[in-house]
Number of protein chains: 2
Amino acid sequence: MLNQLLQKLPQNTDILEATFGLEREGLRLTQEGTLAQTDHPKALGSRSFHPYIQTDFSEQQLELITPISQSTQEARRRLGAIFDVAQRSLEEDQVIWPLSIPPYIEEDQIQIAKLDKAEEVRYREQLAQTYGKKLQSISGIHYNIELGKNLTQNLFALSDQEDLKDFKNAIYMKLARQFLNYQWLVTYLFGASPLAEKDFYPQMPTELVRSLRASRRYGYSNHEELSISFSSLENYVKDMENALATGILSLEKEFYSPVRLRGSKHSRDYLSEGITYLEFRNFDINPFDKLGISQKTLDSFHLFLLSLLWLDDLKDSDQELTKARQINEEVALAHPMSPLPDPELARPVLKAMTELIQHFGLDAYYQDLVADLELAIKEPERTISGHLFGKIANASLAAFGLDQAKTYHQEATQAPYALKGYESMELSTQMLMFDAIQKGLHLDILDENDQFLKIWHGDHVEYVKNGNMTSRDNYVVPLAMANKTVTKKILDQAGFPTPKGQEFASKDQAIRYFNQIADKAIVVKPKSTNFGLGISIFQKPASQADYEKAVEIAFAEDRDILVEEFIAGTEYRFFTLNGKCEAVLLRLPANVVGDGIHTVKELIDLKNQNPLRGLDHRSPLEKIQLGDIEKLMLAQEGYGPDSVLAKGVKVELRRNSNISTGGDSVDMTDEMDPSYKALAAQMADAMGAWVCGVDLIIPDPSQKASLEEPNCHCIELNFNPSMYMHTYCQEGPGQAITPKILQALFPELPIYP
Amino acid sequence: MLNQLLQKLPQNTDILEATFGLEREGLRLTQEGTLAQTDHPKALGSRSFHPYIQTDFSEQQLELITPISQSTQEARRRLGAIFDVAQRSLEEDQVIWPLSIPPYIEEDQIQIAKLDKAEEVRYREQLAQTYGKKLQSISGIHYNIELGKNLTQNLFALSDQEDLKDFKNAIYMKLARQFLNYQWLVTYLFGASPLAEKDFYPQMPTELVRSLRASRRYGYSNHEELSISFSSLENYVKDMENALATGILSLEKEFYSPVRLRGSKHSRDYLSEGITYLEFRNFDINPFDKLGISQKTLDSFHLFLLSLLWLDDLKDSDQELTKARQINEEVALAHPMSPLPDPELARPVLKAMTELIQHFGLDAYYQDLVADLELAIKEPERTISGHLFGKIANASLAAFGLDQAKTYHQEATQAPYALKGYESMELSTQMLMFDAIQKGLHLDILDENDQFLKIWHGDHVEYVKNGNMTSRDNYVVPLAMANKTVTKKILDQAGFPTPKGQEFASKDQAIRYFNQIADKAIVVKPKSTNFGLGISIFQKPASQADYEKAVEIAFAEDRDILVEEFIAGTEYRFFTLNGKCEAVLLRLPANVVGDGIHTVKELIDLKNQNPLRGLDHRSPLEKIQLGDIEKLMLAQEGYGPDSVLAKGVKVELRRNSNISTGGDSVDMTDEMDPSYKALAAQMADAMGAWVCGVDLIIPDPSQKASLEEPNCHCIELNFNPSMYMHTYCQEGPGQAITPKILQALFPELPIYP
């Protein structure tokens, strides 16, 4: 009755509509390849609620869990970020083992996961007793899939069923049966556990095999006498309840089937509530892919599942599945380079795939996937285990695995400011997302281009835009900070030092003001333009003529202008949060310092090798350019690109100190006198700002600041101050700001000890 | 020692730098010209804290007080707004008397102001006893001025004084002396109380005079034996303390000098704390100016005061001032058309004015003011009392006064949505400012172009931008509402009805989606563009070809597009505040309804006569145009501008229902079923919005809405919804929103009973 149903769907149906979830396990090892003997990383917060990073059986076995994702790409992207976070949260000498079967380990090195819940610990102790701790340390990947709601609905409409729940149960049971029927093909293609190290099993295959883990003999498997029928959901439930009653299983989750029904804790509930999705547990970790499963594998398997639905159902499933299990055992324990026992058995699936692609007009990518599968069936060296055999035929699997582990680890730590897969987002947002994943806060990107995040824990939801635009600031405060005149009025009224000055709406008024600034250094600028246009700076008192000219220039840009006193001194950025200054930064113009050996050009290249320097704001610092502006500046200082600078001679390549033009950032948080930090925080408080970037000009930082004698001036307040630039600096330790944002948003979570 | 000081100032000194404050009294009358017998208007909130609108001696005598202003223009502008508010807060049949001397009133009609503070009432009862209630009902204008801080500082620097406070005392005392010396000139120029009505005085001048109020005999004056010397601050203090000790004065404020020292309650404190500013109390209300004092008078008097500083000080002030008082009495009680007794006495002041203008290069406006003064000295008919004589020589002053009062009142009520003097600001902001002034909340405009207000009461400060962007909304909520996708996700997750749809980043994906909407009415649109570009609406299911074309058109405008179901029904705007729906509005396209007589063109003209209709968003509704678009639309309906429409036939002139293109607004607050209002408020709550404009499409408003069966869809949320359009509507009662904003911002104030 469910046969031929897919064929009836209109050709433009979104047949790929589904949601996906991935789980990937992995052992923590030392860089020497031994099992890590430390506890679960403290940086990963609390396992009592962490949605993304848990431990499986042992304390050393990380379990990475993606949220439900709308596509395989999205699921893999989420897994990539979680894997990135996990790797960067390990203690320094640790890596994650990239294979299913552990390297050489001893039984007593395996610590049962130190979880809070006593029942969880008890369950693991029992598993250790029944199956042994080593066997429980085998890792794998679980692939969860729920067919799309529209797709299910459309199929249901074409069926003769009357109840959607019953229909879904039928379709998922058919899928499970057909999967079990063709499991050997998956084992053939994706198996990747060819051997175990010494003493892992009491008795081991003498030759390399395709997948120990996928075999009944060496993998996870239940007692021989356990038999759960997939012939119908009713039979499944009956068998399951029987196994529990007789004590063959202690819990339903102890049933180690390569496919699991999901959605309820007790099988019987599927009869009334329906199966929600299926979990496929047959994937060995692919050591050639950083995440253990490639995008192509995800999509090939998805296509494979759909083709199983395209196929007619089994006639006598109990009997056919017994045969299929035997084939799978044979395939799993065959040599990696051996062909399938009967390649023709794969023919129906491949044919179904091709028909399905044609029917629904799937693009060339899917045709290529099928072509790859066909080739792999012909040539075993193209399977993962075949590929792996090529690597270890004359070498150690342990050495290969450790090498891969280190390579992946290095990739993660290479650009520590970026979150893998999300590099196109703003750096500060990437850092905040990293922190949220690390500490186990639920994270959803509501709009990627808009840097709009939803972060939650339990019922407590927070929205965050651009890293620090949150519910904690009230709406009118950033609007006030966006207006220079308003900001100044509020600071002035609160008694804080801002450059004295005046706003003018007429040239006449502005010129009349000259007398009051005739003996002062001043800045004349348009009120609202932000790009430096129309600004004149007089570091020495201006002549009346020059002043009038400056007024004219400013009025050419805006209908209101500001005439302010020029404040001499050094500009520092104070980052304040919730009434406290968390970081102080000094920005310096792009520069190089001579060593008596290298030319300016070479010094620039050397400085640009800093991994923090990149292009187009994708890194915390920008590479120094050697363009016209820099060359002109060099020439004015009496140098050229090929000048060799004497040791210690510092040459500036820009007048402006923007990071975006190659400037240096110097973390001055520890050096800055606390009195200035307190003053900056008070300014933010006076403004009512939760998050604030306070720009102070300080002539002499060795003098203390106070409200009465500030010894500094505030020239700007910023309502969305950059955070990453405080964290990854050219000089100084750097200050992590994003964790403080999260902690302040979720004060109920003691995530930062 | 203070002589010649101004002459030493550099020529480009801002000699006009000063702050100003004005107080204007005015009696409430009925439209029939009798003293109002009602209490102080309830609409004006509580006199216990009102900073702008108080009562003077009697319950019927309004006292309008401006805050300290940076220029005469600003002071007059603030007074204009306060006067506007006061007039529009009166009971319907009342006006404000535009002259100093009351019209015909009887003693027992004058009620002593019903103030909360017992001591205030007691003081007034004592004044009534001493001077009589009628005399206390005379109104005037007080002109407060403090010289600019820079100006004072610069003068101090040029002086031989060592203490700034002593210097300021000296300068203000010189100013007070010289003012008293030339008070007669002010009386001559600006006096405007020529007569009193029957029974006002026991004995009255037989002829019209210049200023009863400015005369010692008829105006406010203390007992004959009171004599306070202005020869020095020390002598002043001594005399004042003596008068209090002997009981000639009960309080210092009972000293009715035309100039008062200000800044401390007790004169002695001036010696230690310094005089802050001077209050000039000599101005009669000018009936020819709506506010009782013209801009030219304010500036002439300012120039006059500066010229008094320019002049040398008096040699023997006590003696000279006695003489000056006699001249003033003579001038005050002279006929309005009589010349000054000795015009030459004015010469030094006029000369000083001219010299000062030349020295500081003041512009032609000030030269013109001096020319006007010179002419007025030559020709008494050019003085205010001379001008007034022209009006009442053959007519009744009472009738003239009442006429002026009604004219001013009509001006105020003509455009009730605007706040006089602030018409260039947004309408909703004008309305909020009106409400703040009316209820006595302190108000400051931090940035006029930016619609940025500071509103406070006691220590409680609120900033408001664009009328309803406040501290009550948290920052991230409006940012979420600014993003269509984010808004939709949040509403969807909370279970509210939004048009179903999907965001696409690729053409391929979007086209694949066709099957799911093949039988639906849809809208295809770019995600972010807001100007209607690239939008295709299919009210009937689209063909695949048309759909693909629409997808292409949308992608031409944005890199992401939305495909949403088209929702049929009528769009309503729900204004929600703080969890409650406060107003519901229906907007209709520009239209006219025939009467069987007029042409379309004439009907438009008639409809445009509604005073609520104006141009360029300066009014709540826009005038309907008869441009190309309207003519085309008419033609499509089979009409032309000269068609006479049959009675009741409604013709639309636009497809869109925007108010800005002449559309109608219909207040539906009372008609709309409460279930929709509740649903809209719940949506705003789900979003976390304090202020929100919820746009619902409702197919059938007669059906009830609920979360389970919404019977409507939300198509947009607005974070800065217009308020004025709910208040002044083409049809329906209209809902006042801005008072609710204020009440919600200041819940501690029971300003709205």
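Residues numbered from 1 in each chain as written. Chains lettered and ligands numbered in written order. Predicted model: local features only at pLDDT ≥ 70, side-chain atom pairs only at ≥ 80, totals over all residues. Heavy atoms only, no water.

- Per an unreviewed UniProt entry, chain A goes by the name Glutathione biosynthesis bifunctional protein GshAB and belongs to Streptococcus uberis.
- Reading the Function (unreviewed entry) entry of the UniProt record for chain A gives the comment "Synthesizes glutathione from L-glutamate and L-cysteine via gamma-L-glutamyl-L-cysteine."
- Annotation of chain A in UniProt includes, under Sequence similarities (unreviewed entry), the sentence "In the N-terminal section; belongs to the glutamate--cysteine ligase type 1 family. Type 2 subfamily." (UniProt positions renumbered as here; feature names shortened; annotations may be inferred.)

1. What to know about the interface of chain A and chain B
Part 1 of the argument: The interface of chain A with chain B comprises 46 residues on the first partner and 46 residues on the second.
Part 2 of the argument: Counting across the interface, chain A meets chain B through 18 residue pairs in polar contact (both at pLDDT 80 or more).
Part 3 of the argument: For the side of chain A that touches chain B, the secondary-structure elements that each account for two or more residues are helix 5 (149-158), strand 8 (442-447), strand 9 (452-457), strand 10 (460-465), helix 17 (476-481), helix 18 (484-493), helix 19 (507-512) and helix 20 (514-517) of chain A.
Part 4 of the argument: Among the elements that take part in the side of chain A that touches chain B, helix 18 of chain A stands out by supplying five residues, more than any other.
Part 5 of the argument: Across the side of chain A that touches chain B, the residue classes tally to 17 nonpolar, 15 polar and 14 charged. (Contact = heavy atoms within 4.5 Å. Polar contact = N/O pair within 3.5 Å; in protein donor to acceptor, adjacent residues only side chain to side chain. Helix = DSSP H or I, 4+ residues; strand = E, 2+ residues; numbered from the N terminus. Nonpolar A, V, L, I, M, F, W, Y, C, P; charged D, E, K, R; others polar.)

2. Description of the sheet that holds strand 11 (residues 501-504) of chain B
Residue and element names in this part refer to chain B.
Part 1 of the argument: Pairing is antiparallel in the open sheet, where four strands are placed in the order 11-14-12-13. Edge positions in the sheet fall to strand 11 and strand 13 (536-538), since each has one partner strand and no second. If you compare each strand with its neighbour and ignore which way they point, the axes differ by 10 degrees on average.
Part 2 of the argument: Sheet topology note: the strand 12 (residues 522-526)/strand 13 ladder contains three bridges and is antiparallel. Residue pairing in the sheet places Val524 in a bridge with Ser536 of strand 13.
Part 3 of the argument: Here helix 21 (residues 544-555) sits on the sheet in contact with strand 11, strand 12, strand 13 and strand 14 (561-565), set at roughly 25 degrees to strand 12. (Pairing = 2+ DSSP bridges. Axes fitted to C-alpha atoms, helices over the stretch in contact; angles between N-to-C directions.)

3. Details of the side chain of Lys454 of chain A
Part 1 of the argument: Secondary-structure assignment places Lys454 of chain A in strand 9.
Part 2 of the argument: No salt bridge is formed by the buried Lys454 of chain A. Its closest oppositely charged neighbour is Asp444 of chain A, at 5.8 Å.
Part 3 of the argument: Looking at Lys454 of chain A, its side chain comes within polar contact range of the side chain of Gln493 of chain B, at 2.4 Å.
Part 4 of the argument: Residues within four places of Lys454 of chain A in sequence aside, it is in contact with His442, Leu443, Asp444, Leu446, Val461, Glu462 and Tyr463 of chain A together with Gln493 of chain B. (Buried < 20%, exposed > 50% of the residue type's maximum accessible area, 1.4 Å probe, protein only. Lys, Arg positive; Asp, Glu negative; His and termini not counted. Salt bridge = Lys/Arg side-chain N within 4 Å of Asp/Glu carboxyl O.)

4. Some details on the domain arrangement of chain A
Part 1 of the argument: Along its sequence, chain A is carved into domain 1 (6-11 + 18-402), domain 2 (414-472) and domain 3 (500-565).
Part 2 of the argument: Between the C-alpha centres of domain 2 of chain A and domain 3 of chain A the distance comes to 42 Å. (Domains from an automatic or database assignment.)

5. Some words on the sheet that holds strand 10 (residues 460-465) of chain B
Residue and element names in this part refer to chain B.
Part 1 of the argument: Strand order across the open sheet formed by three strands is 8-9-10, with antiparallel pairing between neighbours. Both outer strands of the open sheet, strand 8 (442-447) and strand 10, are each paired with one neighbouring strand and no more. Each adjacent strand pair in this sheet contributes to an overall mean axis angle of 25 degrees, direction not counted.
Part 2 of the argument: In the sheet, strand 8 pairs with strand 9 (residues 452-457) via five bridges, with the strands oriented antiparallel. If you follow Asp444 over to strand 9, its bridge partner there is Lys454.
Part 3 of the argument: Packed onto the sheet, helix 16 (residues 427-439) meets strand 8, strand 9 and strand 10 and runs at close to 20 degrees relative to strand 9.

6. Overview of the relation of the copies chain A and chain B
Part 1 of the argument: Overlay of chain A on chain B (RMSD 0.2 Å): rotation 179 degrees, translation along the axis 0.0 Å. What the superposition gives is, in effect, a two-fold axis relating one chain to the other.
Part 2 of the argument: With an isologous cut-off of 70% or more, the 100% of interface residues of chain A that recur at the interface of chain B puts this contact in the isologous class. (Least-squares fit on C-alpha atoms with pLDDT ≥ 70 in both.)

7. Concerning the pattern of salt bridges
Part 1 of the argument: One pass over the structure, following the stated rule, counts 72 salt bridges over all chains.
Part 2 of the argument: A salt bridge links Asp664 of chain A to Lys607 of chain A, with the shortest nitrogen-to-oxygen separation between them at 2.9 Å. Of the two residues, Asp664 of chain A sits in strand 21 (residues 664-667) while Lys607 of chain A sits in helix 22 (residues 600-608), which places them 57 residues apart along the sequence. Lys607 of chain A carries the same exposure label as Asp664 of chain A, and that label is buried.
Part 3 of the argument: With a closest N to O distance of 3.8 Å, Arg472 of chain B and Glu462 of chain B form a salt bridge. Here Arg472 of chain B, found in the loop between strand 10 and helix 17 (476-481), pairs with Glu462 of chain B, found in strand 10; they are 10 residues apart in sequence, far enough to count as distant.
Part 4 of the argument: Using a relative accessible area of 5% as the deciding quantity, one classes Glu462 of chain B as buried.
Part 5 of the argument: A network of salt bridges, in which partner residues are shared, links Glu74, Arg77 and Glu448 of chain A.

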